[in-house]
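Residues per chain, in single letters:
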Amino acid sequence: MSRVTVDLEARVRRLEDRILISDRVISYAVAVDQRDWVRFAECFTDPVHADYSENGLAAADFARDDLVDIVRSAVSGYTATQHLSANHLTNFDPDDPDRATCHSSMYAQHHLADGEELLILRGWYANHLVRVAKGWQIDRIVQHVSWREVRRP
């Protein structure tokens, strides 16, 4: 096999990994909005390190099911939510091809019925992922809130 062929195969695998990583990060946002807690749980290793300290939850290692319960509880009071995940920038660990970090922009709207309140969070995530038998999963997530806006009638 020629070096060009090997390089091409490696580049195609890297492109596939980028797509799978972005899909996992997007699944996180979509699962919250659809209240699909099984899909949400599949985004994470068990345990997972989560840092939502800029939004009130101190950084800690959590059992995956505990993190699911925390996020479920946080959004359950809202009539609807919309979490957009964009601008994915993935960097692979140069020493471990099974580890990567995906930085993603965050735009999260949380709506209460009858226009009572709209909470909007803007910022970004540092999603640290590891390749496992089932694909890529987030083993460490850090939420950075750039600003928050609360609208009330």
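For the structure itself, look to the data block above.
From a predicted model like this one, the values you see are computed outputs, not experimental measurements.

Trainee: When you look at the overall build of the protein in this model, what are you seeing that I'm missing?
Mentor: Helix and strand counts for the protein come out as three helices and six strands. The helix and strand sequence of the protein, counted from the amino end, reads α-α-β-β-α-β-β-β-β. A principal-axis box enclosing the C-alpha atoms of the protein has dimensions of 65 × 30 × 25 Å. By residue count, 39% of the 153 residues in the protein fall in the buried class. Of the roughly 8600 Å² that the protein leaves accessible, carbon and sulfur atoms contribute 53%. For the protein, the distance from the average site of its 18 positive side-chain charges to the average site of its 24 negative ones is 4 Å.

Trainee: Could you clarify how one ought to interpret the side chain of Gln137 in this entry?
Mentor: Inspection of the secondary structure puts Gln137 in strand 6 (residues 135-151). The class of Gln137 is buried, set by a relative accessible area of 5%. A polar side-chain atom of Gln137 sits 3.1 Å from the main-chain carbonyl oxygen of Glu42. Polar contacts involving the side chain of Gln137 include one to the main-chain carbonyl oxygen of Phe44, which spans 3.2 Å.

Cut-off values and rules
- Residues numbered from 1 in each chain as written.
- Predicted model: local features only at pLDDT ≥ 70, side-chain atom pairs only at ≥ 80, totals over all residues.
- Heavy atoms only, no water.
- Helix = DSSP H or I, 4+ residues; strand = E, 2+ residues; numbered from the N terminus.
- Buried < 20%, exposed > 50% of the residue type's maximum accessible area, 1.4 Å probe, protein only.
- Areas by Shrake-Rupley, 256 points an atom, 1.4 Å probe, with all protein chains shown as cover.
- Lys, Arg positive; Asp, Glu negative; His and termini not counted.
- Charge placed at Lys NZ, Arg CZ, Asp CG, Glu CD.
- Polar contact = N/O pair within 3.5 Å; in protein donor to acceptor, adjacent residues only side chain to side chain.

Coordinates in, geometry out; function isn't part of it.
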